[in-house]
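Structural description and commentary
Given next are the chains, with one letter for each unit.
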Amino acid sequence: MNDIWWQTRGEGNVDLVLLHGWGLNAGVWDCISEQLASQFTLHLVDLPGYGRSTGFGAMDLDAMANCVLRQAPKKAIWLGWSLGGLVASQIALTHPERVDALVTVASSPCFSAREEEQWPGIKPAVLAGFQQQLSEDFQRTVERFLALQTLGTESARQDARRLKAIVLDAPMPSVDVLNGGLEILRSVDLRDDLAALTMPFWRLYGRLDGLVPRKVAALLDARYPASRSVMFDKAAHAPFINNSEMFCEVLFSLRQLLEKEQITDNT
């Protein structure tokens with residue numbers, strides 16, 4: 001059984017597992033990992049089949065979550081960006097005893113637009129197009145998806161170049177693995193399931209995000225009244241890149257909240 005690439009750094013007394021998005025790898029966190037390592041023990045992960053976690057084929061969401069969980073600390077804050085948000089959410093649903101808090105970043109429990117329900121998201125035809133184009137022009141398809149993630153921000157070109165460099169700095173995922181990830185984005189719907197979560201659940205968004213429209217935040221505010229949402233006004237799909245300081249401050253405030261709750265529970 002293969003192990004996935006996993007790096008631990010920092011000496012904080014709270015574990016924080018960071019899960020990246022589709023097509024990428026743990027290098028996306030380089031812009032904030034030093035700051036976060038000052039207050040957390042960070043766990044940087046390449047999802048199975050991505051980056052340095054080679055030797056894996058396409059997986060469904062449950063298999064991917066179980067694979068990640070095998071190497072995880074006994075308990076942690078789980079933070080997932082985009083596709084990684086679905087993986088972290090699945091772990092929170094199936095193994096809540098392992099999750100101190102769930103944080104999703106530019107993620108949705110249902111990425112695919114459902115017109116009959118007036119649910120905003122990525123149009124199914126767009127996802128199907130990406131799946132078809134992967135086999136025809138692998139690298140260009142990944143580049144197009146990365147460009148969509150930064151579109152609309154003041155530093156869009158610079159941010160897209162940074163994401164592209166992160167992809168090229170590690171082994172490229174196979175077409176099968178990328179198709180498997182797109183299939184998860186196309187088909188998974190955790191909207192009803194996540195209503196049952198009892199741990200702290202924070203959802204972070206970029207107001208300019210074209211993949212997870214800001215309407216999703218308002219709809220989930222109503223659906224999950226006990227959860228908290230944070231909107232980064234000048235960010236798109238990767239708010240930790242161009243709002244890194246504010247992004248870290250949000251996570252530090254979550255850590256303080258958990259510590260207060262722990263003190264209360266122990267008295």
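Residues numbered from 1 in each chain as written. Predicted model: local features only at pLDDT ≥ 70, side-chain atom pairs only at ≥ 80, totals over all residues. Heavy atoms only, no water.

**Some details on empty space enclosed by the protein**
Any space left empty among the atoms is revealed by the rolling of a water-sized probe across them. For the coordinates displayed, the defined rule picks out four cavities of 30 Å³ or more. For the largest cavity, the calculated volume is near 70 Å³. Considering the residues around the largest cavity, the lining is formed by 14 residues, among which Thr104, Ser108, Pro109, Leu194 and Phe201 are closest to the centre. Counting only elements with at least two residues in the lining of the largest cavity, the list comes to helix 3 (83–94) and strand 6 (201–206). Among the residues making up the lining of the largest cavity, the classes are represented as eight nonpolar, five polar and one charged. (1 Å grid on protein atoms, 1.4 Å probe; cavity = no way out; pocket = protein on both sides within 12 Å on 5 of 7 lines; lining within 4 Å. Points joined across faces, edges and corners; volume = space filled by probe spheres on them. Helix = DSSP H or I, 4+ residues; strand = E, 2+ residues; numbered from the N terminus. Nonpolar A, V, L, I, M, F, W, Y, C, P; charged D, E, K, R; others polar.)

**Focus: the pattern of salt bridges**
Scanning the model with the defined rule gives 11 salt bridges in all. Its salt-bridge partner being Asp189, residue Arg114 comes within 3.7 Å of it at the nearest N-O pair. Here the residue Arg114 occupies a position in the loop between strand 5 (99–105) and helix 4 (124–136), and Asp189 occupies one in the loop between helix 7 (175–187) and strand 6, the gap between them amounting to 75 residues. The buried category is assigned to Arg114, whose relative accessible area is 18%. For Asp189, the salt bridge identified is with Arg191, shortest N-O distance 2.8 Å. For Asp189, a relative accessible area of 30% puts it in the partly exposed group. Through salt bridges with shared partners, a single ionic network connects Arg114, Glu117, Asp189 and Arg191. (Salt bridge = Lys/Arg side-chain N within 4 Å of Asp/Glu carboxyl O. Buried < 20%, exposed > 50% of the residue type's maximum accessible area, 1.4 Å probe, protein only.)

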